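Observations on the three-dimensional arrangement
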Amino acid sequence: MRPNQDKTGDERSPSHQFEVARIREAFPILKQQVRGKPLVYLDNAASAQKPQVVIDTLSQFYATSYANIHRGIHWLSERATEAYESARADIQRFLGAAEASEIVFVRGTTEAINLVAQTYGRTHVRAGDEILISTMEHHSNIVPWQMLCEATGAVLRVAPINDGGELLLDEFEKLLTPRTKLVAIAHVSNVLGTINPIRRIVELAHRHDVPVFVDGAQAVPHLAVDVQALDCDFYAFSGHKLFGPTGIGVLYGKAALLEAMPPYQGGGHMIQSVTFEKTTYNKVPDRFEAGTPHIAGVVGLGAAVAFVRAIGLEAITAYERKLLAYAMDRASKIAGVRLIGTAKEKAGVISFVVDGVHPHDLGTFLDKFAPVTIAHNH
Ligand SMILES: *Cc1c(COP(=O)(O)O)cnc(C)c1O
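To start, this report covers the structure provided alongside it. (Residues numbered from 1 in each chain as written. Predicted model: local features only at pLDDT ≥ 70, side-chain atom pairs only at ≥ 80, totals over all residues. Heavy atoms only, no water.)

Further remarks concern the nonpolar core. Counting 62 residues, the largest nonpolar core has L95, F105, F172, V183, Y235, F237 and L301 as the members making the most contacts within it. A total of eight residues in this core trace back to one element, the largest contributor, which is helix 10 (residues 295–311). Structurally, this core is a two-domain feature, drawing no fewer than three residues from each of domain 1 (14–50 + 313–368) and domain 2 (55–309). Excluding residues that lie within four positions of it along the chain, F105 makes contacts with Y84, A87, R88, I91, I248, G249, V250, E289, V298 and L301. Counting 27 residues, the second largest nonpolar core, distinct from the first, contains I113, I133, A184 and A236. (Core = buried A, V, L, I, M, F, W, Y, C linked by side-chain atoms within 4.5 Å. Buried < 20%, exposed > 50% of the residue type's maximum accessible area, 1.4 Å probe, protein only. Helix = DSSP H or I, 4+ residues; strand = E, 2+ residues; numbered from the N terminus. Domains from an automatic or database assignment. Contact = heavy atoms within 4.5 Å.)

Below, the structure is given as C-alpha cells:
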C-alpha cells in the first residue's frame, strides 16, 4: 500500500481530497427522501441549505448565551457581545479586510446596496452625475441605483456584455467619465455564472477616481475573496447563500469611506449622545447598525464562515471547476438544451433553456419526477 492510499484504495492524497460524501453528510436536510427519492438540491444560487454546525450554533447560542448586546453590564450581555464581535473579526479575516470596524452587519446584500445608495449616494451624487453598472446585474444591484437616480437627477449607465456573458471591458472603460460617481458591479453573476475581473475593473475605475461597489452575493460561496487585494471600495454578501442564517449579511467598506458617510437609519446604538436639539452619531460600524441587530444571525454566520474555511475555498473552487466543466459538457450534448452563460471565467452557476419547453414547466417536471430542485424564474 502506498502512503497516500487508505484502506478503501483511494489514491488521492488525503490533504487534497475533496470529501463530497462527508460534506454532504453535514447537511441534515439532504438526508431526507422527497417523493420517494433522495433529495437533490440545485437551488443554492437562490439560497443555500444549512450544515448541522450552523443549526447547532444558533440553538446553542439561544440556549446558553443570548441577551442584547453592547448595553448590558450583566454577564450574559457581555457573553453575547463577545460572540457578536468575535464573529465580526472572523468575517474581517474571511474577507481580508484591514479592520474589523470595516465590517457592517446588515440584513443581506440588498440592504447593503440600499445603504450605500442612500448614504454614500445621497452625499456624492448630484443631477447629471452617472452611476455605472452592467447588463448582468441582479435586480438588487439595479433598482436601488435607479431610485437614487430618480431622487437626484443622476443617470444610470449600463455596460454591455458579449454573447457568452462576459463584460466588454473596452465598452466599460468608455463609460467611465468625469460624471461617473460610482461603479456597482457583480463579482459573480447569479444568472450567467460569469466571474468578473474585479481587480482590473477597480484599476480602470480608480484611474478615473471612481469608487467601486462589488456585489459579492454569488462570489463568496465559490471563490476566496480578499478585499484588500481587489482594492474595491465596498463589498457585500448575504449570509443565507453562504450556508448561514437568513436575514444577516455583510457590507465591507474602506474605513475612510465609511467614516465620511452619514447614518442610514436612526435608532438605538448608532448614537453617541441624544438631546432633542442635536444627536451625535457613533463611530463606525456602530453608526450603521441602528437598533437591536440579528445577534444570533451574526453568530450563526460566524459558524458558516468557519465551516467554509475548514473545507477551504481553494479546494471548493477547484472541485467546482471540475464539476462545472463536466456538467456543461454533458448538458451541451443533450438535444434541444441551450446553455446561457459560457464565459471563460465562470463559477458553478448553470442556466439553460430547452427548445419548446417553458422554463416553469421544466422546473415543475424536474421537481415532480426527478426530483430536482432548481430555480425556474431567472
Ligand atoms: C441573491 C443576490 C442578491 C440579493 O441578495 P439578498 O440576499 O436577496 O439580499 C444580490 N446580488 C446577487 C448577485 C445575488 O445573487
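For the rest of this paragraph, the subject is empty space enclosed by the protein. Tallied over the full model, the rule gives one cavity of 30 Å³ or more. When its volume is computed, the largest cavity comes out at roughly 60 Å³. What lines the largest cavity is I195, H222, L223, T317, E320, R321, L324, K346, A347 and G348. Here the residues of the lining of the largest cavity sort into four nonpolar, three polar and three charged. Mapped onto the domain boundaries, the lining of the largest cavity takes at least three residues apiece from domain 1 (14–50 + 313–368) and domain 2 (55–309). (1 Å grid on protein atoms, 1.4 Å probe; cavity = no way out; pocket = protein on both sides within 12 Å on 5 of 7 lines; lining within 4 Å. Points joined across faces, edges and corners; volume = space filled by probe spheres on them. Nonpolar A, V, L, I, M, F, W, Y, C, P; charged D, E, K, R; others polar.)

Another aspect to go through is the pairing of strand 13 (residues 337–340). Side chains V337 and L339 project from strand 13 onto a buried face, and the interleaved R338 and I340 project onto a face without burial. Note that strand 13 and strand 14 (residues 351–354) share four bridges and pair antiparallel. Its bridge partner lying in strand 14, L339 is registered against F352. (Pairing = 2+ DSSP bridges.)

Our next topic: the packing of helix 3 (residues 75–95) against helix 10. Two elements in contact, helix 3 and helix 10, have axes whose closest approach is 9 Å; the angle formed by their N-to-C orientations is 40 degrees. Of the possible angle classes, the one that applies to helix 3 and helix 10 is oblique. Between helix 3 and helix 10 lies a crossing of left-handed hand. The residues of helix 10 that touch helix 3, namely those facing A83, Y84, A87, D90, I91, R93 and F94, are I295, V298, V299, L301, G302, V305 and R309. (Axes fitted to C-alpha atoms, helices over the stretch in contact; angles between N-to-C directions. Parallel < 35°, antiparallel > 145°, perpendicular 65-115°, else oblique. Left-handed = near helix turned anticlockwise from the far one by under 90°.)

This paragraph deals with the pattern of salt bridges. Taken as a whole, this structure holds 19 salt bridges when the rule is applied. The residue D233 makes a salt bridge to K254 at a minimum N-O spacing of 3.3 Å. In this pair, D233 sits in the loop between helix 8 (227–230) and strand 9 (234–238) while K254 sits in the loop between strand 10 (249–253) and helix 9 (255–259), placing the two residues 21 residues apart along the sequence. Because the salt bridges share partners, they merge into one network encompassing E85, R88 and E289. (Salt bridge = Lys/Arg side-chain N within 4 Å of Asp/Glu carboxyl O.)

Now for the sheet that holds strand 6 (residues 155–159). The strand order 4-10-9-8-7-5-6 describes an open sheet built from seven strands, whose pairing is mixed. This sheet does not close on itself; its edge strands, each paired only once, are strand 4 (103–106) and strand 6. Across the sheet, the mean angle from the axis of one strand to that of its neighbour is 20 degrees, orientation sign disregarded. Pairing analysis gives four bridges linking strand 7 (residues 180–186) to strand 8 (residues 212–215), with the strands arranged parallel. Residue pairing in the sheet places A184 in a bridge with F213 of strand 8. Those strands touched by helix 3 are strand 4, strand 9 and strand 10, and its axis lies near 115 degrees from that of strand 4. Sheet strands in contact with helix 7 (residues 198–207) are strand 7 and strand 8, and its direction is about 175 degrees off that of strand 7.

It is worth spelling out the site of the ligand at this point. In the region of the ligand, the neighbouring residues are T109, T110, H138, S140, N190, D215, A217, Q218, S238, H240 and K241. In this structure, an oxygen atom belonging to the ligand sits 2.5 Å away from a side-chain N or O atom of T110. Against a free-state accessible area of 380 Å², the protein chains account for coverage of 87% of the ligand. When grouped by side-chain class, the residues that make up the shell around the ligand number one nonpolar, eight polar and two charged. (Near = heavy atom within 4 Å. Polar contact = N/O pair within 3.5 Å; in protein donor to acceptor, adjacent residues only side chain to side chain. Areas by Shrake-Rupley, 256 points an atom, 1.4 Å probe, with all protein chains shown as cover.)

Here we come to the packing of aromatic side chains. Per the stated rule, a full pass over the model turns up 12 aromatic pairs. With 6.4 Å between their ring centres and 35 degrees between their planes, F213 and F234 make a pair best called tilted. Taken together, the positions of F213 in strand 8 and F234 in strand 9 put the pair 21 residues apart, joining distant regions of the chain. When the ring of F243 is compared with that of F307, the centres are 6.1 Å apart and the planes differ by 75 degrees; the resulting orientation is edge-to-face. (Phe/Tyr/Trp six-rings, centres within 6.5 Å; stacked < 30°, edge-to-face > 60°.)

Before going further, it helps to examine helix 5 (residues 143–152). What helix 5 keeps buried is the set P144, W145, L148, C149 and T152. Viewed along the axis of helix 5, the buried residues span an arc of 140 degrees, placing them on a single side of the element. Where helix 5 is buried, its residues contact helix 4 (109–124), strand 5 (130–134), strand 6 and strand 7. Phi turns positive one or two residues past the end of helix 5, at G153, with a value near 85 degrees. (Arc of directions from axis to C-beta.)

This part takes up unusual backbone geometry. Along the chain, V284 connects to P285 via a cis peptide bond; the corresponding omega equals 5 degrees. Following the sequence through the fold, P285 ends up in the loop between strand 12 (279–281) and helix 10. Of note, the phi angle at D231 is positive, near 60 degrees, even though the residue is not glycine. Tracing the chain through its elements places D231 in the loop between helix 8 and strand 9. When its relative accessible area of 27% is taken as the criterion, D231 is described as partly exposed.

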